[in-house]
Amino acid sequence: MSQLLKNYDLERLAISTVASHTALQILRGAKKYGFRTIAVARGEAVAQFYRQFPFIDEVWVGDFANFRKTAEKLAANNAVFIPHGSYVEYVGWRQALEAPVPTLGCRELLRCEADQFKKMSLLEKAGIPIPRIYKTAEEVEGPVIVKLFGAKGGRGYFVARDRRELAERLKRVTEDYIIQEYLFGVPAYYHYFSSPVYSRLEIFGADIRYESNVDGRTFGWAEPTFVVVGNLPMVLRESLLPTIYTYGVQFLKAVEEAVGCKLAGPFCLESIIKDDMSIVVFEFSGRIVAGTNIYMGYGSPYSVLYFDKPMDMGERIAHEIKEAVKRGKIEHLFT
Ligand code: AMP
């Protein structure tokens, strides 16, 4: 990718992303920092919605089944690309890995993220506490959560109270899955920003997910399900921050050692905080998460700590790209 970037006119970069997920935040931030902006939509109806926003210069309808062509067109338009969860879902990790456009962050992580076991093993290598993983139902002690590999947005998970219930339910499962210890505590998701420009890791915000039916008024009558319907802002007990920061640093080190690239830009660790205040991480995202949308336009309380002004994640990304251009560090951001 650094070869591709060499042909770019860095003074006239465009910032592009797929029109979904966090695109409004990303492109609004990009425009605020003076970049040209491009949104790539899945169809004309979606494109129409995005065309109403003055901070988006161009809205294209992309070919997601054959994303290479769209990526080539982006590169021809001097655009760098910001990946997010919907992009990976639409094009699949294999296409995302190969799209010929400079992409923020560490693309190789996608391979690892596609496999729940590899994912957990990376967190383990980082020395971050993770839930127990069971290979078979027979080993199970206590409640578990079963995650089907094809699950999206929390749909396709189920919980089982014990070994017997688990064995019964697994009889109906045909796809790959992982069995994890069910952790008791409160969920908390940490938004980080890894900055090559300032050579530092920033804690940029936190959120909790609002999930049906676990957060719903079910009185224990409905099956617990984890379908994400929205996100809520969160401010953490300050005494938790040093540990959360340390886990972020350890994660970056593990990505560098195990995956072979320095992760730049936003990422997220997803955890349960137990009643003894210990933090157990059950998931990560190697790119911007939708939970950052709650701070669009006004920034999370943590963002003021770094720049003395509120900044949302879209603005933070644009700021980094702009500074990287000025300081000749642009190739540190993209793969
Ligand atoms: P995920 O798709 O992995 O982010 O998980 C969806 C939701 O399931 C999370 O937001 C948590 O509420 C819940 N969850 C996932 N893993 C665990 C676990 N090991 N223990 C308890 N809850 C979990």
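An account of the accompanying structure is given in this report. Since the structure is predicted, the reported quantities are computational estimates derived from the model, not experimental observations.

Calculation criteria
Residues numbered from 1 in each chain as written. Predicted model: local features only at pLDDT ≥ 70, side-chain atom pairs only at ≥ 80, totals over all residues. Heavy atoms only, no water. Axes fitted to C-alpha atoms, helices over the stretch in contact; angles between N-to-C directions. Helix = DSSP H or I, 4+ residues; strand = E, 2+ residues; numbered from the N terminus. Parallel < 35°, antiparallel > 145°, perpendicular 65-115°, else oblique. Left-handed = near helix turned anticlockwise from the far one by under 90°. Contact = heavy atoms within 4.5 Å. Nonpolar A, V, L, I, M, F, W, Y, C, P; charged D, E, K, R; others polar. Pairing = 2+ DSSP bridges. Disulfide = S-S within 2.5 Å. Buried < 20%, exposed > 50% of the residue type's maximum accessible area, 1.4 Å probe, protein only.

### So, the packing of helix α2 (residues 23-32) against helix α11 (residues 313-326)
Relative orientation of the contacting elements α2 and α11 amounts to 45 degrees, with a least axis distance of 7 Å. As summarised for this structure, α2 and α11 are arranged oblique, according to the angle between their axes. Regarding α2 and α11, the two cross each other, and that crossing is right-handed. Packed against α2, whose contacting residues are Q25, I26, R28, G29, A30 and K32, the element α11 presents M313, G314, E315 and A318 at the interface. Of the residues that constitute the contact of α2 with α11, the class distribution is four nonpolar, three polar and three charged.

### Some points on the sheet that holds strand β6 (residues 144-152)
Reading across the sheet, the four strands line up as β5-β8-β6-β7 and stay open at both edges, with antiparallel pairing between neighbours. Strands with a single pairing partner mark the edges of an open sheet, and in this sheet they are β5 (133-134) and β7 (155-160). One ladder, built from five bridges, connects β6 with β7; its direction is antiparallel. From the neighbouring strand, K147 faces β7, where its bridge partner is Y157.

### Digging into the state of the cysteines
Counted according to the given criterion, the structure contains one disulfide. Here C106 connects covalently by a disulfide to C261, the sulfurs 1.9 Å from one another. On the sign convention where negative means left-handed, the S-S torsion of about -50 degrees between C106 and C261 marks this disulfide as left-handed. A residue pair is termed long-range when its members are at least 10 positions apart, and C106 in the loop between α5 (85-98) and α6 (109-113) and C261 in the loop between α9 (241-259) and β12 (265-273) qualify at 155 residues. Each member of the pair, C106 as well as C261, is classed as buried. A disulfide-free cysteine, C112 has its sulfur positioned 9.2 Å from the sulfur of C106, the nearest such atom. Judged by relative accessible area, which is 10%, C112 ranks as buried.

Nothing here speaks to function; it is geometry throughout.
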